[in-house]
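Listed below are the residues making up each chain.
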Amino acid sequence: MLDELRTNPSLLKLDLYCKGLRLDDSCFIEEDGGRKILRTRAGLGSGLELILPGGLWTNAPVSEPFAAKSPYVLHKGTGANQQYWLYRDGVQVSPVDLSPRPAWYDAQTATGKPMTRIGTLQGTYLGIYQAKVCEYWTEKPQKVNCKFCSVGLNLGIDDSDEKSVDEVLEVVRAARRESGITYVDFNTGHYEGDTYLDILEPYIRRIKEELGLLIGVQTPPHRDLKRYDHLKEIGVNRVSFCFEIFNRGLFEEICPGKHAEYGLDFYLEAIRYCASLTGTGRSDEPWVTNGEIIAGLEPPGSSIRAIDWITSVGAIPTVCVFRPLVGTDLEDHEPPKTEDMIPVFQHLYEACMEKGLPIGLAPNIHVSLVLLPEECRAFSSKRYLWQSAKLAVMKKVFGRQFERKLREHDRSALNA
Ligand code: SF4
């Protein structure tokens with residue numbers, strides 16, 4: 001196992017999600033330029049942001065009780081370069097780097113808010129939880145939040161409720177200038193009247209017009225699916241729908257609000273509809289649809305069926321690993337076992353390659369919260385030579401065009 005962990009950073013990333021990490025007293029994360037551990041909106045962002053060998057960015061659980069029992073301990077080396085090292089059961093496994101904390105993390109907006117209350121880096125992209133708390137948390141007589149979710153616990157602690165367009169643009173500019181972001185991801189919960197897309201549109205338009213960055217939107221599925229044609233027209237590049245669980249009984253039990261409000265079938269219909277928009281409309285921007293699930297909340301076979309369904313309609317699965325976050329309804333649950341997760345992530349890579357899906361094309365996007373499909377290549381013995389070559393060419397062509405466009409925007413926008 002140790003040899004495998006040393007040579008396969010994808011396995012290390014997965015094993016850390018499942019087992020967590022302890023910090024030795026020699027670690028001085030913030031003093032050494034690392035990122036503070038934030039209880040962010042996304043919930044999964046509760047851990048320590050690290051860069052593993054092979055350029056794999058991750059967010060290792062450190063705050064949850066299961067992490068206190070982890071065989072992994074992070075140590076700071078005593079050599080001249082004070083390299084951080086991961087140890088497992090007392091044996092040195094791998095050097096790691098702290099994900100750099102940019103200067104804007106310690107800055108405030110012109111209105112006096114800490115910039116990290118507007119948005120935070122997750123890996124190398126900017127994540128913004130927009131607007132007020134998801135209304136499943138405030139429903140009467142009984143809240144109907146998803147049981148793994150921490151959004152309602154965190155609100156007002158690390159995120160600001162009110163984020164004006166100007167404030168968001170100020171933070172996006174800082175993140176572009178200092179952190180070189182290429183992608184901004186907006187995330188909202190459920191709001192009565194399906195207002196989430198209306199809320200996001202002014203932010204999306206300004207970022208597109210002024211900075212030309214890639215933009216993703218993760219919200220519940222709007223009841224008027226035609227709204228996604230419009231999102232595509234205004235330049236949105238990614239839509240993501242988190243149905244979390246493919247098993248109907250478990251979906252109803254763990255996501256009572258989503259079940260009552262939209263139902264699993266409507267989540268799936270939104271994914272199918274949005275994936276069918278690829279290649280339509282006037283926008284020349286790239287467009288991908290994601291269906292997001294949480295592996296570890298249902299049997300691995302059910303996660304694999306979810307991956308098959310998502311890829312069958314031309315969408316790309318996003319597979320999180322269940323993390324029993326402190327304070328949530330599932331805080332006493334165990335995280336999944338690494339060995340149960342390997343077949344799921346192997347299947348994620350193979351299903352995407354077999355369906356010819358455009359994975360790994362966007363430039364400079366390293367995601368810390370999940371293992372991306374392309375990062376799961378190491379779990380498969382299949383090589384997909386033709387498809388890999390095609391993706392490499394597409395990546396090169398898209399990367400060149402996109403970088404050129406971004407440079408043009410940078411010249412005028414970053415000094416605004
Ligand atoms: S929809 Fe569920 S997961 Fe999303 S913010 Fe609301 S309670 Fe949390």
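Located above this text is the structure these notes cover.
K.L.:
How should I be thinking about the overall build of the protein in this particular structure?
P.N.:
When its secondary structure is counted, the protein shows twelve helices and 13 strands. Whereas a compact globule of 416 residues would reach a radius of gyration of roughly 22 Å, the protein reaches 20 Å, a difference of no more than 12%. When its C-alpha atoms are laid out on the principal axes, the protein stretches across 55 × 55 × 50 Å. Evaluated residue by residue, the protein yields a buried proportion of 57% over its 416 residues. Across the protein, contacts joining residues at least 24 apart in sequence account for 74% of those joining residues at least 6 apart. Accessible surface, the protein as shown: approximately 17,100 Å² in total, 52% of it carbon and sulfur. One finds the centroid of the 49 positive side-chain charges in the protein at a distance of 5 Å from the centroid of its 57 negative side-chain charges.

K.L.:
Explanation requested: the sheet that holds strand E5 (residues 84–88) in the structure shown.
P.N.:
Each strand in a sheet pairs with another by means of backbone hydrogen bonds, the pair being arranged parallel or else antiparallel. Across the sheet, six strands lie side by side as E1-E4-E5-E6-E2-E3; this open sheet has mixed pairing. Only two strands of the sheet have a single neighbouring strand rather than two, namely strand E1 (22–23) and strand E3 (56–60). Inspection of the sheet shows strand E2 (residues 48–52) paired to strand E6 (residues 91–98) by two bridges, in the antiparallel sense. Paired with Leu50 across the two strands is Leu98, which belongs to E6. In the packing of helix H2 (residues 9–19) onto the sheet, the strands contacted are E2, E3, strand E4 (72–76), E5 and E6, and the crossing angle to E3 comes to about 10°.

K.L.:
Mind showing me how you'd approach a positive patch on the surface here?
P.N.:
Among the surface-exposed residues, Lys396, Arg400, Arg404, Arg407 and Arg411 lie close enough to one another that they form a single positively charged patch. Residue position: Arg400 is located in helix H12 (residues 385–413). By relative accessible area, which is 52% here, Arg400 ends up exposed.

K.L.:
Mind showing me how you'd approach the pairing of strand E13 (residues 316–321) here?
P.N.:
Along any regular strand the residues' side chains alternate between the sheet's two faces. Along E13, six of the six residues are buried, which leaves the element largely enclosed by surrounding structure. Alternating positions in E13 separate into two faces, Ile316, Thr318 and Cys320 on one and Pro317, Val319 and Val321 on the other, with burial throughout. The pairing of strand E12 (residues 288–295) with E13 spans six bridges and is classified as parallel. The residue of E13 that forms the bridge with Glu292 is Thr318. Where the polypeptide runs from E12 across helix H10 (residues 300–312) and back to E13, its parallel neighbour, the crossover connection is right-handed.

K.L.:
Help me understand the environment of Trp137 in this model?
P.N.:
With respect to the secondary-structure elements, Trp137 resides in the loop between strand E8 (125–129) and helix H3 (151–154). Residue contacts for Trp137: discarding those within four places in its chain leaves Lys143, Asn145, Cys149, Ser150, Val151, Gly152 and Leu153.

K.L.:
Explain the nonpolar core here, please?
P.N.:
Counting residues in each nonpolar core, the largest one holds 126 residues, and the members touching the most others are Leu21, Leu74, Phe148, Val172, Phe186, Phe243 and Phe345. If you tally residues by element for this core, the top one is helix H9 (residues 264–275), at nine residues. Beyond its immediate sequence surroundings of up to four residues, Leu74 is in contact with Leu21, Arg22, Leu23, Asp24, Cys27, Ile29, Leu48, Leu50, Tyr84, Trp85, Leu86 and Val96.

K.L.:
Explain H9 to me, please; I cannot follow it from the model alone.
P.N.:
Each α-helix turn comprises 3.6 residues. Residues three or four places apart therefore point the same way. For H9, built from twelve residues, the straight-helix expectation of 16 Å at 1.5 Å per residue is met to within 8% by its first-to-last C-alpha distance of 17 Å. Turning to H9, its buried residues are Leu264, Phe266, Tyr267, Leu268, Ala270, Ile271, Tyr273, Cys274 and Ala275. Next to the buried residues of H9 lie helix H6 (227–233), strand E11 (238–244), helix H7 (248–254), helix H8 (256–261), E12 and H10.

K.L.:
What's the story with the packing of H2 against helix H11 (residues 338–354) in this structure? I'm lost.
P.N.:
For any two helices packed against each other, the geometry is given by the interaxial angle and the distance between the axes. In the contact formed by H2 and H11, the axes pass within 10 Å of each other and the chain directions differ by 130°. By the angle between their axes, H2 is oblique relative to H11. For H2 against H11, the interelement crossing comes out right-handed. Every residue of H11 that contacts H2 at Leu11, Leu14, Asp15, Cys18 and Lys19 is listed here: Thr338, Met341, Ile342 and Phe345.

K.L.:
It is not clear to me how the site of the ligand should be interpreted in this structure. Could you clarify?
P.N.:
Close to the ligand lie Tyr129, Cys134, Tyr136, Trp137, Asn145, Cys146, Phe148, Cys149, Val151 and Lys258, which account for all nearby residues. In terms of residue class, the shell around the ligand is made up of eight nonpolar, one polar and one charged.

K.L.:
I would appreciate a short explanation of the environment of Ile199 in the present structure.
P.N.:
Inspection of the secondary structure puts Ile199 in helix H5 (residues 196–211). A relative accessible area of 25% places Ile199 in the partly exposed class. Separated by 79 residues in the primary sequence, Ile199 and Thr278 place their C-alpha atoms 24 Å from one another.

K.L.:
What should I look at first to understand H2 in this one?
P.N.:
Most of H2 sits out of view: nine of its eleven residues are buried. All buried positions along H2 are accounted for by Ser10, Leu11, Leu12, Lys13, Leu14, Asp15, Leu16, Tyr17 and Cys18. Gly20 lies just past H2 and shows a positive phi near 75°.

Conventions we followed
Residues numbered from 1 in each chain as written. Predicted model: local features only at pLDDT ≥ 70, side-chain atom pairs only at ≥ 80, totals over all residues. Heavy atoms only, no water. Helix = DSSP H or I, 4+ residues; strand = E, 2+ residues; numbered from the N terminus. Rg over C-alpha atoms; globule rule 2.2 N^0.38 Å. Buried < 20%, exposed > 50% of the residue type's maximum accessible area, 1.4 Å probe, protein only. Contact = heavy atoms within 4.5 Å. Areas by Shrake-Rupley, 256 points an atom, 1.4 Å probe, with all protein chains shown as cover. Lys, Arg positive; Asp, Glu negative; His and termini not counted. Charge placed at Lys NZ, Arg CZ, Asp CG, Glu CD. Pairing = 2+ DSSP bridges. Axes fitted to C-alpha atoms, helices over the stretch in contact; angles between N-to-C directions. Patch = residues over 30% accessible without salt bridge, like charges linked within 9 Å, V, L, I, M, F, W, Y side chains within 5 Å. Salt bridge = Lys/Arg side-chain N within 4 Å of Asp/Glu carboxyl O. Right-handed = clockwise from strand over helix to strand, strands pointing away. Core = buried A, V, L, I, M, F, W, Y, C linked by side-chain atoms within 4.5 Å. Expected span 1.5 Å × (residues − 1). Parallel < 35°, antiparallel > 145°, perpendicular 65-115°, else oblique. Left-handed = near helix turned anticlockwise from the far one by under 90°. Near = heavy atom within 4 Å. Nonpolar A, V, L, I, M, F, W, Y, C, P; charged D, E, K, R; others polar.

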